[in-house]
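Structural overview
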Amino acid sequence: MKKYFKLFIPIVTLTVILSGCSLPFLGGTGDKNSVKIGMQNTSESQIIGHIDRLMIEHEAKKDNVNENNIQMINNLGSSTVTFNAMNTGDANISSARYTGTDLTGALNMDPITDPDKALKVVRKAFDEDYNQKWYGSYGFENTYAMMVTKETAEKYNLKKVSDMKNVADKLEAGVDSSWMKRPGDGYPAFKEKYGFDFKRTRPMQIGLVYDALNTGKMDVVLGYTTDGRIASYDLVVLEDDLRFFPPYDASPLVTEELIKEKPYVDRAMKKLEGKISTEQMQKLNYEADNNLKEPAVVAEEFLKKHNYFDDEKDGE
């Protein structure tokens, strides 16, 4: 396992590099103890960010606190930008951070395929090195997965990735461009692990693979397990039976300084542990991406349906 180092690049510089312009929240974040939730530019991160906000507001009321000035920092371009926003104080909550992403990114470690070990490692590292609390998973992971249409699954009797071994020479695959040559958990290692290659493998932008599969241009694609388009196109997610892909369990990350200042934040985050399954997150993303509901509306409907989890004891 690689030894990790503190990764820090001034967020203004990094943001300009990635987006070509500055972000509106920089330099105007208000009181250092105000709640500032950083979210990436995906429906998933936005929905989870608003779930966090509403849960915090709800728990604050129990302490007779009117926490109605929570700042929502939208559209952070990447996990690296979010990481730096937390370390500069521009954000003090990350709505959704993924174990596999921060292991190989912020912590510069090799991938860990055991979910419990991966979670343990990132929790310890962020606590000791950054004074930030990495909570238990919301209950879902957004990892890479091989997908096919129902017709293809039935034609070749595909349920697991290993099931493609005898028919791979007939299948054309569309995969994330960055995955093609990535060491460790990329395509070369995938071929070695599963022992087969496809008839043809085409690198594509991740957002295009679902349409390519749905229109028949590809037979199998590499997508994300919580993407709402899985439900939109009624796709079949093949089981990663050899556990090749690292776990990308999703959790909130909060600075210890904010927890000390506002204990109800900690209480709210704990109540969300294990409450959103991968299938449920797919449905929530579907509501935003397919039914075009605002992420804030999707979040509020979800929490109201579950009564803000008040029917369970705090801390469970």
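Note that the structure is a prediction, hence the values are computed from the model and not measured.

Moving on: the side chain of Q46. The topology assignment puts Q46 in helix α2 (residues 43-62). The residues contacting Q46, other than those within four sequence positions of it, are M39, Q40, N41, N74, N75 and P295.

Checked against the element boundaries, P183 lands in the loop between β6 (172-176) and α7 (187-194). Sequence separation between P183 and D110 is 73 residues; the distance between their C-alpha atoms is 9.9 Å.

A few words on the sheet that holds strand β8 (residues 220-224). Spatially, the 5 strands line up as an open sheet ordered β7-β6-β8-β5-β9, and their pairing is mixed. Two strands close off the open sheet at either side, each with one partner strand: β7 (200-204) and β9 (235-237). The sheet shows a mean angle of 35 degrees between the axes of neighbouring strands, direction not considered. Relative to β9, strand β5 (residues 144-149) is paired through 3 bridges, and the arrangement is antiparallel. What sits directly across from T149, in β9, is L235.

Let us now look at the pattern of salt bridges. Taken as a whole, this structure holds 19 salt bridges when the rule is applied. Between R229 and D227 there is a salt bridge, with its nearest N and O atoms 2.9 Å apart. A salt bridge links D310 to K271, with the nearest nitrogen and oxygen atoms 2.8 Å apart. Of the two residues, D310 is situated in the segment after α13 (295-305) and K271 in helix α11 (residues 263-271); the sequence distance between them amounts to 39 residues. Three or more residues joined by partner-sharing salt bridges are found here, namely E59, K62, D63, R267, K271 and D310.

This paragraph deals with the layout of surface pockets. Reported here for the largest pocket is a volume of approximately 1,100 Å³. Taken together, 44 residues form the lining of the largest pocket, with S79, T101, Y144, Y224 and Y248 sitting closest to its centre. Within the residue set of the lining of the largest pocket, elements represented by two or more residues are α2, α3 (79-88), β3 (93-98), α4 (99-104) and α12 (278-289). Sorting elements by how many residues they give to the lining of the largest pocket places α4 first, with 4 residues. For the lining of the largest pocket, the class distribution of residues is 12 nonpolar, 22 polar and 10 charged. Its boundaries defined by the atoms lining it, the second largest pocket holds a volume of some 300 Å³. Residue lining of the second largest pocket: 17 residues in total, with E141, T143, D240, F245 and P247 positioned closest to the centre. Residues that form the lining of the second largest pocket fall into these classes: 8 nonpolar, 4 polar and 5 charged.

The rules we used
Residues numbered from 1 in each chain as written. Predicted model: local features only at pLDDT ≥ 70, side-chain atom pairs only at ≥ 80, totals over all residues. Heavy atoms only, no water. Helix = DSSP H or I, 4+ residues; strand = E, 2+ residues; numbered from the N terminus. Contact = heavy atoms within 4.5 Å. Pairing = 2+ DSSP bridges. Axes fitted to C-alpha atoms, helices over the stretch in contact; angles between N-to-C directions. Salt bridge = Lys/Arg side-chain N within 4 Å of Asp/Glu carboxyl O. 1 Å grid on protein atoms, 1.4 Å probe; cavity = no way out; pocket = protein on both sides within 12 Å on 5 of 7 lines; lining within 4 Å. Points joined across faces, edges and corners; volume = space filled by probe spheres on them. Nonpolar A, V, L, I, M, F, W, Y, C, P; charged D, E, K, R; others polar.

By themselves these figures say nothing about function.
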